[in-house]
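Descriptive structure summary
Here's the letter readout for the chains.
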Amino acid sequence: MTHLQAPAAAPASPLVPPEGLAVLDGLPGPAPHTGAELAALLGLVGDARPRVRAVALGHSRDAASRAAAEDFAEAWHASGGTVAALVDWPERGASWLRAARRLTSPAPDAWVVAAAPAGWAQLARRLRHGTPWDPARTYGFAALGDARVVAAAGAETLQGLRGATPDGRTWQVDREWVTTAAPGGGGAR
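Keep in mind the model is a prediction, meaning the values are calculated, not measured.

The next thing to look at is the overall build of the chain. Across its full length, the chain holds seven helices and seven strands. Secondary structure elements of the chain, listed N to C terminal, follow the sequence α-α-β-α-β-α-β-α-β-α-α-β-β-β. Taking as baseline every contact in the chain between residues at least 6 positions apart, the subset at least 24 positions apart corresponds to 68%. Carbon and sulfur atoms make up 55% of the accessible area of the chain, which totals about 9600 Å².

With that settled, the discussion passes to the pattern of salt bridges. Going through the model one piece at a time under the given rule, you end up with four salt bridges. For Arg175, the salt bridge identified is with Asp174, shortest N-O distance 3.4 Å. According to the relative accessible area criterion, Asp174 is partly exposed, its value standing at 29%.

Moving on: the pairing of strand 1 (residues 54-60). Most of strand 1 is tucked away, with seven of its seven residues classed as buried. In the sheet, strand 1 pairs with strand 2 (residues 82-89) via seven bridges, with the strands oriented parallel. Residue pairing in the sheet places Ala54 in a bridge with Thr82 of strand 2. Remark: the strand 1/helix 3 (residues 63-78)/strand 2 crossover connection has right-handed handedness.

One open sheet accounts for seven strands, arranged 2-1-3-4-5-6-7; its pairing is mixed. Looking at the sheet topology across the chains shown, the edges are occupied by strand 2 and strand 7 (177-181). The mean angle between the axes of side-by-side strands here comes to 25°, regardless of whether they run parallel or antiparallel. Docked against the sheet, helix 2 (residues 35-47) engages strand 1, strand 3 (110-114), strand 4 (138-140), strand 5 (162-164) and strand 6 (170-174), running at close to 145° with respect to strand 5. Taken strand by strand, helix 3 contacts strand 1, strand 2 and strand 3, and its axis lies near 165° from that of strand 1.

Here we take up the packing of helix 4 (residues 97-104) against helix 5 (residues 117-130). The N-to-C vectors of helix 4 and helix 5 enclose an angle of 65°; their axes lie 9 Å apart at closest approach. Crossing of helix 4 over helix 5 shows right-handed handedness. For the pair helix 4 and helix 5, contact is made by Leu97, Ala99, Ala100, Leu103 and Thr104 and by Leu123, Arg126 and Leu127, respectively. Residue composition of the contact of helix 4 with helix 5, grouped by class: six nonpolar, one polar and one charged.

Definitions and limits used
Residues numbered from 1 in each chain as written. Predicted model: local features only at pLDDT ≥ 70, side-chain atom pairs only at ≥ 80, totals over all residues. Heavy atoms only, no water. Helix = DSSP H or I, 4+ residues; strand = E, 2+ residues; numbered from the N terminus. Contact = heavy atoms within 4.5 Å. Areas by Shrake-Rupley, 256 points an atom, 1.4 Å probe, with all protein chains shown as cover. Salt bridge = Lys/Arg side-chain N within 4 Å of Asp/Glu carboxyl O. Buried < 20%, exposed > 50% of the residue type's maximum accessible area, 1.4 Å probe, protein only. Pairing = 2+ DSSP bridges. Right-handed = clockwise from strand over helix to strand, strands pointing away. Axes fitted to C-alpha atoms, helices over the stretch in contact; angles between N-to-C directions. Left-handed = near helix turned anticlockwise from the far one by under 90°. Nonpolar A, V, L, I, M, F, W, Y, C, P; charged D, E, K, R; others polar.

The values reported here are purely geometric and, on their own, carry no functional implication.
Structure, rendered in structure tokens:
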């Protein structure tokens, strides 16, 4: 009698499948950040517990994301914080492994991201599948606070990610939902 064994399953790819990226079709790219958005984001990171001193700052290569990252870095330095890494990535790439490793290798206290949705969804999956990255210690600018980004990357990939909206409200990923709160933490909307 022979025993037949099922072939081992191939490891799931960390890349977002094409049908996942299709969810992002028509989603606008990052808009220039506002002062209220930057202030809310600095408040979120500054109020985090345990205390955040060093951040790894990542951004996609579009002008709005680059400017947001530069302005965050300047304000974070002015508040006494450190930027442990500044990493950019393309909107389309083969695996995003290099960017993921560069973001996590300095072992920062937190991550701050300014990015276009499709590239971020891909990078977030790579981060989640191959590094010690924690979305609950990650903060993003407004373009990332959209349920379609969560759908593309997978809710488990972004659970706990939070950020700021252009008008100074904050948002957080909770399962497949993105909830927002008024400035100062007043109730969800």
